Amino acid sequence: MVNSHRKLIFRIYVGFYCSAILLLRICICSQLSMPSINQLSKDAETIPVATNGEPFPWHKLRLPHLVIPLHYDLLVHPNLTSLDFTASEKIEILVREATQFIILHIKDIEIINATLHSEEDLRYRKPGTKLNVLSYPAHQQIALLAPDELIADMRYYVAINFQAKLADGFKGFYKSTYRTLGGETRIIAVTDFEPTQARAAFPCFDEPLFKANFTIKIRRESRHIALSNMPKVQTIELEGGLLEDHFETTVKMSTYLVAYIVCDFNSVSGTTSSGVKVSIYASPDKGSQTYYALDSSLKLLDFYENYFDISYPLPKLDLVAIPDFESGAMENWGLITYRETSLLFDPKTSSASDKMWVTKVIAHELAHQWFGNLVTMEWWNDIWLNEGFATYMELISINATYPELQFDDYFLNVCFEAIAKDALNSSRPISNPAETPTQIREMFDVVSYNKGACILNMLKDFLTEEKFREGIIHYLRKFSYRNAKNDDLWASLSNSCSEGDFMSGGFCYSNSKMRSNTLSVLEKNVEIKEMMSTWTLQKGIPLVVVNQEGHSLRLHQELFLKGVFREDPEWETLQGRYFWHIPLTYSMSSSNAIHRHILKSKTDTLELPEKTSWLKFNVDSNGYYIVHYEGLGWDHLITQLNQNHTLLRPKDRIGLIHDAFQLVSVGRLTLDKALDLIRYLPHETSSPALTEGLRHLELFYHMMDRRNISDVTENLKRYLLRYFKPVIDKQSWSDEGLTCDRLLRSTVLKLACDLNHPPCIRKAAELFSWWLESSGKLNIPTDVLKIVYSVGARTTEGWDYLLEQYGLSTSVAEKNKILYALSTSKHQEKLVKLIELGMEGKVIKTQDFASLLHAIARNPKGQQLAWNFVKENWTQLLKKFDLGSFAMRVIISGTTSHFSSKDELQEVKLFFESLKAQGLHLDVFQIVLETINNNIKWLERNLNTLRTWLLVSI
Ligand code: BES
Ligand code: ZN
């Protein structure tokens, strides 16, 4: 379930100064008349007024660079009984230009006092100067006013005492709880800062460019432990029995990577071959689920150190499973935090798909220790340099360390997900301006992650892995402990020349390893920056149209826009001036050779070296473009697939299926042609290709089912069960086989049971009753566990038992599967009960509410219920989840984007408009509206074709 989780944003913050008497005591409370951070940023001319009525000396959202931080000494004392914390910090700053004020970020923190010390003050133990504190909550800033000007090039120390509540949600320094097997509820305190919430834990220069060193001390009771980015150097016992842990000083790093935790967790540890101590922490009852994470993090850390040829710079790395966590995981340097389902693996209940997810998240966060932590983007507009790279490195590292997972097949879905969004007019360029916290959080989306990773993969394929690796090593070395932007990356990739390399157009290539066709590419004077800017600075995905006439190939590129057809009046305007430098690859029936050509203009012509019956572009689907074959191109491919599909490479078959259905949604290919293309599918020998074909058929089935188009639903079901009978019958109810076969098993059997295929239901029901009889002790094969539970949840007895088990199970993988099964019930009162439990947040945790609601909305019996719930309980939801949070985005798109009628569209539109009228706006609104519109158009154009095709096919 958590796999559907992603992407964030932020809550509008308002506040005012409420005590004029205590000059240095800033009380940050709510007051509705303050402009919000989003509103104010639009108006740079507004003269800001601090909460006490005095002018605030800074009007921008971003901090001035007059003063920069060098080092933070931070002492934090959380009280897990009173649920608040007191803290003090001393920030060493360097004054770059003389100034009388220092601007810091802060949020929901009460300052007790602030003083300034010169180096001399410290040397002679002078008391320092009191600083006047002005607060400007709309920008989450305070200004510290010094009585005298601070002198340029001098170092000073700002000392601040402050306190705050441990936050209720999932951000800043917050509390998380878990239940022990004995039924006791325990509290822990944990941080989660990215992108702009370090300021909610301590006043700081909370921008990625302000890197500094941090020396952290944490006070705790003896029943707890404290963890932070660095290893502990010593523990001091204080009066009253409190303990104070001192941690080593960190390397130079951004504030969003600082982390600390006070908890009572246990750990398992190991050491990498280079001597880094890796530990996995989890709550005491979950120790047995930590071993896979330990094994894989050791392997992956070893891999990255070798691959980057740069050591992991800290002596230790902790990975901690946090019971309440908003996103999937967070890469804090040396102290990575995870949602429990992203780290824990229970051999008895975790499936092949769970293993894939855990490995992916570990690989991703470990990659960030270099891409993101060592080298950080200058500003959030280039967050793809962190997230796109970490996502791309998952592919490289998992392929090398866990080849049996066949992660490169899975990676194609990463690109398909990106395309689904990027084919909408409401998409955005990879690099995009982002200023307010909401805009910044919206940058953590499929474009930064998936598209970022896919264009890197395309570039690697173009440059060769070896050159690409050299380039990124160059980049990591050059910008270590510093910040970088897009152009820095392109420059590093262009200039990774060493002696003996061939150089052309700012780009170099090793003579010895040069591919013959890369040489011609080089002669055309390729500039990487020029090429890659077409992928990062403009939104959208190109459509390459290929027309073969004898030996000549006519090529043409345009913007691929879903739901907009060439005959539509807006088509031309929407095409705009889009164009890309596309590194094309193609193969032909006549040989195994891979041909390359860069399409740098709108149209181009190629002469084919030999005669061919079929032609396939985008070899192995490594490129980020969709291909359409005009004339007989598709027919030749269809014929080949039917005759002998294995003459095309598996990833090419996946790409063909994907592209064909994409082309249907822009009216370039008829639906029956795409369906004809997958007629060969029951004979498909590659599990991922089969999965891709089934994915589309399943999608149609669910669309028909939701809309109650019963004749088509029934015929699709008949078609699926008849044609895929051999595939279904072949599946065993076990965990044996290769990962891709295990994944296919889960997909196929789930489909069969969803379609009420009697043998499937029978087997699942049988396993479920054995499990019931064994009082939950029987081990059901993990890959079919979710299916068995879902069939079991069809009876009241089964559903109730599962809910009970949900409360008792200590396996997060099992709980996830149970929750999904519960959400598939056909009984609305049960779905209502789940929503109530989710809102209550005890049995079903608040962190799981969004994916629960999404799952309920996917259930035809729950779709209206979930949507009505969102409309009627919006205010309640906003109290629980920040507007831009992952959760909110999942809630909004998960309950609406499957709609496919004009009435539904109208309803959603009205709802979004009412939110906008309240000043609430998210990018996801536009994405949802466009998606529903496309669904409507798809049905209008294709429903009858589908109906007829099924009639003649079954
Ligand atoms: N840096 C992110 C965590 C994050 C996400 C912070 C959004 C702020 C906003 C982390 O590296 C990440 O990408 N986590 C992913 C998991 C990953 C495997 C795709 C997530 O949380 O979904
Ligand atoms: Zn990430």
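Residues numbered from 1 in each chain as written. Chains lettered and ligands numbered in written order. Predicted model: local features only at pLDDT ≥ 70, side-chain atom pairs only at ≥ 80, totals over all residues. Heavy atoms only, no water.

1. A word on the overall build of the protein chain
Part 1: A count of helical and extended segments in the protein chain gives 32 helices and 31 strands.
Part 2: Against the globule reference of 30 Å for 954 residues, the protein chain gives a C-alpha radius of gyration of 29 Å, in line with a compact fold.
Part 3: Principal axes of the C-alpha set define a box for the protein chain whose edges measure 90 × 70 × 55 Å.
Part 4: Sequence-distant contacts, at least 24 apart, represent 71% of the contacts inside the protein chain between residues at least 6 apart. (Helix = DSSP H or I, 4+ residues; strand = E, 2+ residues; numbered from the N terminus. Rg over C-alpha atoms; globule rule 2.2 N^0.38 Å. Contact = heavy atoms within 4.5 Å.)

2. A closer look at the nonpolar core
Part 1: Residues Phe202 and Tyr260 are the most contacted members of the largest nonpolar core, which totals 319 residues.
Part 2: The dominant element in this core, judged by the number of residues it contributes, is helix α32 (residues 923-953), at 12 residues.
Part 3: Leaving out residues up to four positions away in the same chain, Phe202 has contacts with Tyr72, Leu74, Glu89, His105, Ile109, Phe162, Phe193, Phe214, Val258 and Tyr260. (Core = buried A, V, L, I, M, F, W, Y, C linked by side-chain atoms within 4.5 Å. Buried < 20%, exposed > 50% of the residue type's maximum accessible area, 1.4 Å probe, protein only.)

3. A word on the sheet that holds strand β29 (residues 603-607)
Part 1: Read across the sheet, 4 strands follow the order β29-β26-β25-β31 without closing on themselves; strand pairing throughout is mixed. Of all the strands in the sheet, just β29 and β31 (626-629) have a single pairing partner and so form its edges. Neighbour-to-neighbour, the strand axes of the sheet open up by a mean angle of 25°, direction not taken into account.
Part 2: Relative to β31, strand β25 (residues 541-549) runs parallel, the two sharing 4 bridges. Looking at the pairing, Val545 lines up with His628 of β31.
Part 3: The strands that helix α16 (residues 650-664) touches are β25, β26 (552-560) and β31; relative to β31, the one it contacts most, it runs at about 75°. (Pairing = 2+ DSSP bridges. Axes fitted to C-alpha atoms, helices over the stretch in contact; angles between N-to-C directions.)

4. Some details on the confidence of the model for the protein chain
Part 1: Per-residue pLDDT for the protein chain has a mean of 92; in total, 92% of the residues score no lower than 70.
Part 2: In the model, residues 1-44 has pLDDT below 50 throughout and makes 144 contacts with residues more than four positions away in sequence or in other chains.
Part 3: Considering only residues more than four positions removed or in separate chains, one finds that residues 498-525, a stretch of pLDDT under 50, has 57 contacts. (pLDDT = per-residue confidence, 0-100.)

5. Digging into the state of the cysteines
Part 1: Counted under the stated rule, the structure contains 2 disulfides.
Part 2: A sulfur-sulfur distance of 2.1 Å marks the disulfide that ties Cys415 to Cys454. Judged by the sign of its S-S torsion, about -105°, the cystine formed by Cys415 and Cys454 is left-handed. Here Cys454 lies in helix α9 (residues 446-463) and Cys415 lies in helix α7 (residues 407-422), a separation of 39 residues in the sequence. (Disulfide = S-S within 2.5 Å.)

6. Points about the packing of helix α15 (residues 633-644) against α16
Part 1: One way to put it is that α15 packs onto α16 with a least axis distance of 12 Å and a crossing angle of 135°. In this view, α15 runs oblique relative to α16, as classed from their interaxial angle. The interaxial crossing formed by α15 with α16 has left-handed handedness. For the pair α15 and α16, contact is made by Trp634, Leu637 and Leu641 and by Arg653, Leu656, Asp659, Ala660 and Leu663, respectively.
Part 2: Residues belonging to the contact of α15 with α16 are distributed by class as follows: 6 nonpolar, no polar and 2 charged. (Parallel < 35°, antiparallel > 145°, perpendicular 65-115°, else oblique. Left-handed = near helix turned anticlockwise from the far one by under 90°. Nonpolar A, V, L, I, M, F, W, Y, C, P; charged D, E, K, R; others polar.)

7. A few points about the pairing of strand β1 (residues 67-79)
Part 1: Bridging between β1 and strand β2 (residues 84-95) involves 12 bridges; their strand directions are antiparallel. Opposite His77, over in β2, you have Thr86 as the bridge partner.
Part 2: Counting the residues that bridge the hairpin from β1 to β2 gives 4 residues, and of these Leu83 lies at a positive phi of roughly 60°.
Part 3: Here β1 runs beside strand β11 (residues 213-220); their pairing, made up of 6 bridges, is parallel. Among the inter-strand pairings, Val76 is bridged to a residue of β11, identified as Ile218.

8. Some details on the side chain of Glu92
Part 1: The topology assignment puts Glu92 in strand β2.
Part 2: Look at Glu92 and you get buried, because its relative accessible area is 13%.

9. Some words on the packing of helix α6 (residues 384-401) against helix α11 (residues 486-494)
Part 1: At a minimum axis distance of 11 Å, the contact between α6 and α11 shows a crossing angle of 50°. Compared by their axis directions, α6 and α11 come out oblique. Here α6 contributes Trp384, Leu385 and Phe389 to the contact with α11, which in turn contributes Asn486, Leu489 and Trp490.
Part 2: Here the residues of the contact of α6 with α11 are counted per class, giving 5 nonpolar, 1 polar and no charged.

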